Amino acid sequence: MVYRPKHRLRQYSKKIMVKQTDASNSYRGNYRVIIGTFWFLTLSFLFQCSPKPLKGDYSHHEALALERYATLVDQKVSNAQARRIMDRYAGGSWKDIDYTHNARTGWKTIMHLNRCVQLARIHYGKASQERGMSKEEARKMLEGALYYWKEKDFRNPNWFQNDIGVPGKLRDVLVLMEGELAPDLREWILGRLAEDTYGNKSGTNLIWLADIKMHLGLFRSDPALIAKSMELIAGEIHVGEGLGIQEDYSFLFHDRRLQMYSYGRGFLEVTAQIAWQMRDTPWALEEEKVQVLRNFALEGYQWMARGSFSVPSTMDRSSSRRGGLTRPRSIATFEMLAELDMEFKNEYGKLIAAQRSVEAFSLVGIKSFPKADFLVKHGKEGSFFVKWLSDRTLPTESINNENLRGRLLNAGNVFILRDGTEYTNLMPFWDWDLLPGFTTIEGVEAIRREPFTGALVHRETALIYIDVKLLGTEDQQVLNAKKAWFIQGNTLVGLVSDIQKKGEGMVTTALDQSRWQGKTTWVNQKKELGMGKHKMEGEAWVLHHGVAYYSVGKGQYMEVRQEEVSAYWESVNLRYRGEDPVFDKVFHPLVITDGTEIEYAIQLIPNGAKQPKKHWKTLQNDTDAQVIEWENGVIVGVLHAMEKPLEIMGWKLEANMPVLFLIEDEVLLASRPDTGIKGLNLRVNGKKLNKTVNNQLVLDL
């Protein structure tokens, strides 16, 4: 069957929108969303979308794919947006756009093409007259703007803008202006889309490029090009050792860096869109590829956030962008996956509900991502996010003038989220030498990544160990320490031992660095803390925003800094160069010592609870071992001493190398984060552990 352009395309698009409404309503339950809101919330597929100029008639499946895509591009343009486009337009360009801007990210010149897409939407929709612009006026203005871009042929130093960003905008224009642009503009855009090559690109970048070529094939009625493009896309949807989706459903990119809500988000959005768009066509993705997307969304993507909010460790340099910590939000993507993957509509529905409101967030439990050196603990009261670096992952990157101050980001951080307000847009205000969770000393410039660094998780208990090696100028070692985090229930306990430092400086651990909001109370003294620095010697609990911070007091003290801060976004990301200063308030609790050991804790306080509670006991924290016992009897720790017995609760543990261990219900588990159990010889009361489960030694005590 052959479809002709224009009217059939739009008529069918309307049918698709009705169908989408019916499908989505089948799993929304109490979440009523009209179809207009659904597509307005569709995140702009900035680099994924690919409309093409039409060439005669189209097969049924070609038209179907194009029509579905048109429904994604056709979003509402407000009267204010339309008025701004009209008022600032002058001879093919806009007065308020900087056409000399050449930044590698945040490229202001591409706003010109954003407005071209808006004009195409005005022309495509019914309500253009309501915006004070007729369809013909919108078309003429659009063509003038396209001729201007064609003449100037604006290019950016960043290949990404030239090969993905610009073609993506031009495709959006063409799918909406189908059959109505001047012929020479169509040919120019077709040529612009065809000129880019794949080069050595892989992963998300390759998918974005192949998506452009796939749409080029649709508009040219070229089944071979469509099939080749879909083959390239499908080839990148896999789980494995390379970059992209890992076996634990984390997402690594730009070498071994966690990029869940940057490249991982782009990967999921574009592949979900393509899977939804090309279903029921000869080029549809196979079921096994849909399964990969499902597992990535449900077992990885949603776990590294609390609803629509995440932390800097999950997105690397893109956390330095305004609004970056809300990047997990991608409701339209999960709406499409729910329609495509109906068997799991309830799971997608819960994810969507949590992204609409953090109060609906319902994930509970601990999930470790060993490939990414990352762990998260979710509960009703809040979430702990823990990030570290071993020799298996890489430090955060600072390229394209982004993440300018993040040299120590990810080098041992703990973030706490309850409602998402804690860190969002707080990056310019941070003291980047004292990031949440980091233990440091003055003069640190970098870290040395070590192999014996990682996590051990069993049921509801987690242990994370970091072999701390901090470097100063010229790679001189300025601080060594053994650091362990223990998590169970609503509590995280931190132990630091065997501190060896260069110089006389104090060793400082930042328990947090979040937005100051509401009251801050020194619980022991029943005293409210105001602006300034507050020193607390001896055992101390401080309560802020539903989180309690604890210092044991022996040989250390707690200091709480609460300040109103002015800052510039350009200090962390040069795309904001020249902007006015911004203002916010920062809560910064620290534990400071001149000794060799540290003990502290962070506790999420249940609603209605008046006091924090210490429900653990530190059994040992020294050069030989770091061990705690939880109130429920679980014992967990790190044995550092080799061939030297560790005596705990009547058991004598001996190992030929440092090891992480856990004892629960008279069962002992032991492993190393780098080599697992390879070469590990562990004895309990002289009895060697031989049984292995999930690359852990196991012994019934």
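Look above for the structure.
Quick caveat: nothing in here was measured; it's all calculated off a predicted structure.

1. A word on the overall build of the protein chain
So, point 1. The helix and strand inventory of the protein chain stands at 14 helices and 38 strands.
So, point 2. Since a compact globule built from 701 residues should have a radius of gyration of about 27 Å, the 28 Å found for the protein chain is in line with a globular shape.
So, point 3. For the C-alpha atoms alone, the extent of the protein chain along its principal axes is close to 85 × 55 × 50 Å.
So, point 4. Here the protein chain holds 701 residues, and 61% of them are scored as buried.
So, point 5. By sequence separation, contacts in the protein chain at least 24 residues apart represent 67% of the contacts at least 6 residues apart.
So, point 6. In the protein chain, 92 positive and 87 negative side-chain charges are present, and the distance between their average locations comes to 4 Å.

2. Side note on the sheet that holds strand E32 (residues 651–655)
So, point 1. With respect to topology, four strands assemble into an open sheet ordered E31-E32-E35-E36, the strand pairing being antiparallel. Each having just a single partner strand, strand E31 (646–648) and strand E36 (687–688) make up the two edges of the open sheet.
So, point 2. Across two bridges, strand E35 (residues 682–684) lies against E36 in antiparallel orientation. Across the sheet, residue valine 684 finds its bridge partner in E36, namely lysine 687.

3. Regarding unusual backbone geometry
So, point 1. The backbone of asparagine 401 sits at a positive phi, close to 65 degrees, despite the residue not being glycine.
So, point 2. Checked against the element boundaries, asparagine 401 lands in the loop between strand E10 (383–387) and strand E11 (413–417).
So, point 3. Accessibility expressed as a relative area gives 40% for asparagine 401, which makes it partly exposed.
So, point 4. In the Ramachandran plot, glutamate 474 falls in the positive-phi region, its phi being about 55 degrees despite a non-glycine side chain.
So, point 5. By secondary structure assignment, the location of glutamate 474 is in the loop between strand E15 (461–471) and strand E16 (477–488).
So, point 6. You can call glutamate 474 exposed: its relative accessible area is 72%.

4. Let's talk about the packing of helix H3 (residues 60–73) against helix H9 (residues 203–219)
So, point 1. Where H3 meets H9, the axes come as close as 9 Å, and the angle between the chain directions of the two elements is 125 degrees. Judged on the interaxial angle alone, H9 and H3 are oblique. In this structure, H3 crosses over H9, and the sense of that crossing is left-handed. Across the interface between the two elements, Glu62, Ala65, Leu66 and Tyr69 from H3 touch His215, Leu218 and Phe219 from H9.
So, point 2. Residue composition of the contact of H3 with H9, by class: five nonpolar, one polar and one charged.

5. So, the sheet that holds strand E34 (residues 667–671)
So, point 1. Across the sheet, which stays open at both edges, the seven strands sit in the order E28-E29-E30-E33-E34-E38-E37 with antiparallel pairing between neighbours. Every other strand in the sheet has two partners, leaving strand E28 (616–621) and strand E37 (691–693) as the edge strands with one partner each. Direction aside, neighbouring strands of the sheet carry axes that sit 20 degrees apart on average.
So, point 2. Relative to strand E29 (residues 625–630), E28 runs antiparallel, the two being bridged by five bridges.

6. Some words on the nonpolar core
So, point 1. Membership of the largest hydrophobic core comes to 175 residues, with the highest contact counts inside it found for Leu142, Leu146, Val173, Leu181, Met230, Phe334 and Tyr423.
So, point 2. Ranked by residues supplied to this core, first place goes to H9 with 10 residues.
So, point 3. Residues in contact with methionine 230, not counting those within four places in the same chain, are Met214, Ile274, Met278, Trp283 and Leu285.
So, point 4. Counting 23 residues, the second largest nonpolar core, distinct from the first, contains Val523, Trp541, Ile605 and Leu662.

7. Side note on the pattern of salt bridges
So, point 1. Overall, the coordinates contain 35 salt bridges when judged by the stated rule.
So, point 2. Where arginine 392 meets aspartate 391, a salt bridge forms, and the shortest distance between an N and an O atom there is 3.4 Å.
So, point 3. Taking the relative accessible area as the measure of exposure, arginine 392 reaches 28% and is therefore partly exposed.
So, point 4. In this structure, arginine 459 engages aspartate 665 in a salt bridge whose closest nitrogen and oxygen atoms are separated by 2.8 Å. Note that arginine 459 is positioned in the loop between strand E14 (454–458) and E15 and aspartate 665 in the loop between strand E33 (659–664) and E34, a separation of 206 residues in sequence. One exposure class covers both arginine 459 and aspartate 665, and it is exposed.
So, point 5. Each of Arg317, Arg321, Glu397, Glu402 and Arg575 takes part in salt bridges that share partners, so that together they form one network.

8. Focus: helix H14 (residues 345–356)
So, point 1. The first and last C-alpha atoms of H14 sit 16 Å apart over 12 residues, in line with the 16 Å expected at 1.5 Å per residue.
So, point 2. Among the residues of H14, those classed as buried are Tyr348, Gly349, Leu351, Ile352, Ala353, Ala354 and Gln355.

9. Thoughts on the side chain of glutamate 559
So, point 1. Relative to the helices and strands, glutamate 559 is located in strand E25 (residues 556–567).
So, point 2. Under the relative-accessibility criterion, glutamate 559 is labelled buried at 11%.
So, point 3. Reaching out from glutamate 559, the side chain makes a polar contact with the side chain of arginine 561 at a distance of 2.7 Å.
So, point 4. In contact with glutamate 559, other than residues within four places in its own chain, are Lys533, His534, Lys535, His588, Pro589, Leu590 and Ile592.

10. A word on the pairing of strand E24 (residues 547–551)
So, point 1. Counting buried residues along E24, five of its five residues qualify, which places the element largely inside the surrounding structure.
So, point 2. Because side chains alternate across E24, one face comprises the buried residues Val547, Tyr549 and Ser551, and the other comprises Ala548 and Tyr550, equally buried.
So, point 3. Relative to E24, strand E23 (residues 540–544) runs antiparallel, the two being bridged by five bridges. For histidine 544, the partnering residue across the bridge sits in E24 and is valine 547.
So, point 4. Here E23 hands over to E24 after two residues, with histidine 545 in that stretch at a positive phi of 55 degrees.
So, point 5. Bridge analysis of E24 against strand E27 (residues 598–604) gives five bridges, and the strand direction is antiparallel. Residue pairing across strands places alanine 548 opposite glutamine 603, the latter belonging to E27.

About the cut-offs
Residues numbered from 1 in each chain as written. Predicted model: local features only at pLDDT ≥ 70, side-chain atom pairs only at ≥ 80, totals over all residues. Heavy atoms only, no water. Helix = DSSP H or I, 4+ residues; strand = E, 2+ residues; numbered from the N terminus. Rg over C-alpha atoms; globule rule 2.2 N^0.38 Å. Buried < 20%, exposed > 50% of the residue type's maximum accessible area, 1.4 Å probe, protein only. Contact = heavy atoms within 4.5 Å. Lys, Arg positive; Asp, Glu negative; His and termini not counted. Charge placed at Lys NZ, Arg CZ, Asp CG, Glu CD. Pairing = 2+ DSSP bridges. Axes fitted to C-alpha atoms, helices over the stretch in contact; angles between N-to-C directions. Parallel < 35°, antiparallel > 145°, perpendicular 65-115°, else oblique. Left-handed = near helix turned anticlockwise from the far one by under 90°. Nonpolar A, V, L, I, M, F, W, Y, C, P; charged D, E, K, R; others polar. Core = buried A, V, L, I, M, F, W, Y, C linked by side-chain atoms within 4.5 Å. Salt bridge = Lys/Arg side-chain N within 4 Å of Asp/Glu carboxyl O. Expected span 1.5 Å × (residues − 1). Polar contact = N/O pair within 3.5 Å; in protein donor to acceptor, adjacent residues only side chain to side chain.

By themselves these figures say nothing about function.
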